[in-house]
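The primary structure of each chain is shown beneath.
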Amino acid sequence: MLNYRLDKASTLFFLLVSLAVLTSGNLSATEDTHADVVDSTAVVESHDGHSNEGGSHNEHEAFNAGEMIMHHVTDAHDIHLMDVGGHPVSIPLPIILYSTDDGLSVFLSSAFHHGHAAKNRYIIDHGHIYRLGENNPFATSESLNADEALSMGYTQENWGGVFAGEPGAFIDLSLTKTAAGIVLTVIIMFIVFMSIAKAYTRNPNEAPKGIQSLMEPIILFVRDEIAKPSVGPRYEKFLPYLLTIFFFIWTANMLGLIPFIGGFNVTGNIAVTMVLALFTFVITNLSGNKYYWKHIFAPDIPKPLYILMIPIEVMGVFIKPIVLCARLFANITAGHIIILAFMSLIFIFANQYGTGAGFGVSIVSLAFAIFMNIMEILVAFLQAYVFTLLSALYFGAAVEEHAHH
Amino acid sequence: MEILTILLDLANAYMGAGIGAGVAAIGAGIGIGKIGGSALESMARQPEAIGDIRANMIVAAALVEGAAFFGIIVCLLIALK
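From a predicted model like this one, the values you see are computed outputs, not experimental measurements.

Within chain A, the regular secondary structure consists of twelve helices and eight strands. For chain A, with 405 residues in total, the buried portion stands at 31%.

Next up on the list: the overall build of chain B. Helices and strands together make up the secondary structure of chain B, namely three helices and zero strands. Traced from its N-terminal end to its C-terminal end, chain B shows the element sequence α-α-α. The principal-axis extents of the C-alpha atoms in chain B amount to approximately 65 × 20 × 10 Å. Relative to all contacts within chain B whose residues are 6 or more apart in sequence, the contacts with residues 24 or more apart total 77%.

Partitioning chain A into domains gives domain 1 (94–174) and domain 2 (178–398). Taking only C-alpha atoms into account, the centre of domain 1 of chain A sits 36 Å from that of domain 2 of chain A.

Residue and element names in this part refer to chain A. For strand β4 (residues 103–108), the tally of buried residues reaches only zero of six residues, placing the bulk of the element at the surface. As defined by bridge partners, strand β3 (residues 94–99) adjoins β4 across six bridges and the pair is classed as antiparallel. By the bridge assignment, Ile 95 is partnered in β4 with Phe 107. Counting the residues that bridge the hairpin from β3 to β4 gives three residues.

Here we come to the confidence of the model for chain A. All names here are of chain A. Confidence in the prediction for chain A averages 83 pLDDT; 84% of positions are at 70 or higher. Helix α2 (residues 31–37) is the least confidently modelled element of chain A, averaging 37 in pLDDT, while helix α8 (residues 239–255) averages 96, the highest of any element. Low confidence marks residues 24–59, where pLDDT is under 50. Its contacts with residues over four positions away, or in another chain, come to 63 contacts.

On to the interface of chain A and chain B. Counting residues at the interface gives eight residues for chain A, matched by nine residues for chain B. Of all the elements in the fold, those that place two or more residues in the side of chain A that touches chain B are α11 (306–353) and α12 (355–398) of chain A. Of all the elements, α11 of chain A adds the most residues to the side of chain A that touches chain B, at five residues.

Further remarks concern the nonpolar core. Counting 47 residues, the largest nonpolar core has Ala 227, Leu 242, Phe 246, Ile 249, Phe 387 and Ala 392 of chain A as the members making the most contacts within it. Those elements that provide at least two residues to this core are α7 (211–231), α8, α9 (270–286), α11 and α12 of chain A together with α3 (50–80) of chain B. At twelve residues, the largest contribution of residues to this core is made by α12 of chain A. Residues in contact with Ala 227 of chain A, not counting those within four places in the same chain, are Val 222, Tyr 235, Phe 238, Leu 239, Leu 242 and Ala 392 of chain A.

We now examine the environment of Gln 383 of chain A. As for its placement among the helices and strands, Gln 383 of chain A is situated in helix α12. In contact with Gln 383 of chain A, not counting residues within four places along its chain, are Ile 249, Asn 253, Leu 328, Asn 331 and Ile 332 of chain A.

Once that is clear, we can look at the sheet that holds strand β7 (residues 154–155) of chain A. All names here are of chain A. With antiparallel pairing, the three strands of this open sheet are ordered in space as β5-β6-β7. Because the sheet does not close on itself, it has two edges, and the strands there are β5 (122–125) and β7. As defined by bridge partners, strand β6 (residues 128–132) adjoins β7 across two bridges and the pair is classed as antiparallel. Bridged to Leu 132 within β7 is Tyr 154.

Residues and elements named next belong to chain A. One way to put it is that α9 packs onto α12 with a least axis distance of 8 Å and a crossing angle of 15°. As judged from the angle between their axes, α9 and α12 are roughly parallel. Here α9 runs over α12; the crossing is right-handed. For the pair α9 and α12, contact is made by Thr 280, Ile 283 and Thr 284 and by Ser 391, Tyr 394, Phe 395 and Ala 398, respectively. Residues that form the contact of α9 with α12 fall into these classes: four nonpolar, three polar and no charged.

All names here are of chain A. In this model, α8 (17 residues) spans 24 Å end to end at C-alpha, consistent with the 24 Å of a helix rising 1.5 Å per residue. Of the residues making up α8, those classed as buried are Leu 242, Ile 245, Phe 246, Phe 247, Phe 248, Ile 249, Trp 250, Thr 251, Ala 252, Asn 253 and Leu 255. Looking at the packing, one finds that the buried side of α8 touches α6 (177–202), α7, α9, α11 and α12.

The relative placement of two packed helices comes down to the angle between their axes together with the axis-to-axis distance. Residues and elements named next belong to chain A. α12 packs onto α8 with a crossing angle of 155° between their chain directions and a minimal axis gap of 8 Å. Compared by their axis directions, α8 and α12 come out roughly antiparallel. For the crossing formed where α8 meets α12, the hand is right-handed. Residues Leu 242, Ile 245, Phe 246, Ile 249, Trp 250, Asn 253 and Met 254 of α8 lie in contact with α12, whose contacting residues are Ala 380, Phe 381, Gln 383, Ala 384, Phe 387, Thr 388, Ser 391 and Ala 392. For the contact of α8 with α12, the class distribution of residues is eleven nonpolar, four polar and no charged.

Our focus in this paragraph is the sheet that holds β3 of chain A. Residue and element names in this part refer to chain A. Spatial strand order, β4-β3-β8: three strands in an open sheet with antiparallel pairing. Lying at the two open borders of the sheet, with one neighbouring strand each, are β4 and β8 (170–172). On average, adjacent strands in this sheet sit at an angle of 20° to one another, irrespective of strand direction. In this sheet, β8 lies alongside β3 in antiparallel orientation, the contact comprising three bridges. Looking at β8, one finds that Leu 97 is bridged to Asp 172.

Residue and element names in this part refer to chain B. When pLDDT is averaged along chain B, the result is 89, and 100% of the positions lie at 70 or above. Highest mean pLDDT in chain B belongs to helix α2 (residues 10–45) (93); lowest belongs to helix α1 (residues 2–8) (83). Predicted as a complex, the structure gets a pTM of 0.81 and an ipTM equal to 0.78.

Definitions and cut-offs
Residues numbered from 1 in each chain as written. Chains lettered and ligands numbered in written order. Predicted model: local features only at pLDDT ≥ 70, side-chain atom pairs only at ≥ 80, totals over all residues. Helix = DSSP H or I, 4+ residues; strand = E, 2+ residues; numbered from the N terminus. Buried ≥ 20, exposed ≤ 12 C-beta atoms within 10 Å, placed from the backbone. Contact = placed C-beta atoms within 7 Å. Domains from an automatic or database assignment. Pairing = 2+ DSSP bridges. pLDDT = per-residue confidence, 0-100. Core = buried A, V, L, I, M, F, W, Y, C linked by C-beta atoms within 7 Å. Axes fitted to C-alpha atoms, helices over the stretch in contact; angles between N-to-C directions. Parallel < 35°, antiparallel > 145°, perpendicular 65-115°, else oblique. Left-handed = near helix turned anticlockwise from the far one by under 90°. Nonpolar A, V, L, I, M, F, W, Y, C, P; charged D, E, K, R; others polar. Expected span 1.5 Å × (residues − 1).

Written as structure tokens, this is what we have:
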């Protein structure tokens, strides 16, 4: 590996700018709950003169840190960027719903007008989609009061009902924020790696340049430090999967740290990490040779110990991927929650003890949040490395050729 | 019966979640402290192996922290439900 020496001044400049960007994004995150509350005029297009929507919101609700954090860490049906003057600004995502009555409904989430309109009798309330009854007046009215509309009867997402053909049941297949994050990660990976592959095929014997020389040491690192020593001599079969999983997890983790784009939490979603762990589980057990299964069901130990070891080994087969899933999910989600909690401290102090206390705390809070963001960059890489390393170790155990004692 | 009613009180679930999170942090602290301690000792004994030791220390720390995070997530789920 070559050593690149950057000019000291430009390195410092880059670090300062990135720190400022990393932390400032979190500040805009906390304006959320405030502006959401003043949202009786938040509807942008067709609603004029809406001063008080059923009186269910105060002008200044106290800052609710738990709610703000949960809003940022959980999934959503659009990409909420910020609130401008009480109006939420967000990137709409496609809502895809299938119901037994009406079949497939596909429309953009902007049709819901942030919870102020119904579309095809569907409404969205606090992130959940509900279907109003047939004669519900709110289904066609211009103004929607979610609580009142729901009190007149509704159906919720019901997978069992749809498969059984129940009337009124529907399922939600929308492309949510997390899924959009996955698509974004995949697009980034495609762009980077297809250009690298093209560069290698076009100039096979030349020195690498550009993005190729950035990625090559990392790819070699995965091959030489993770795949070869952990899998053993048959590593080439598993190398594509290991590289993919490493870069996907790393890119998705880093995506979650970028501020101002809406806060993606891809790997912090347990469904996503569960699928990744499922891939490892399937590949391990499909490529297990007879020594692998022998170690689980007939290990070389005294027969009376079988009654203890076999259940443990069988549980281990399932527990190891579950642990992979939970480790990644917990690390990433905990990191996001900690950063958001530090920034919330500022607003909690400001609400409790006055703006002066808020300013004072903001210095300390900012310092900790900067430190946590830097730590999270390390964690992003580290968790990808640990997931890939453990997957490689499991593959190695599955294809191990056994030299019998 | 007194104890049962006390134990089933929801407020104590929150307290349990708080204590659990604290104990998980203690566990992580002890584990990573031991890893860091022995890593530093071996680096002092063999300065030429510092790079290898550092890499393995970080990996082991990540694994131990994973276990601590289990506890944290369970406590968080209790506190938020």
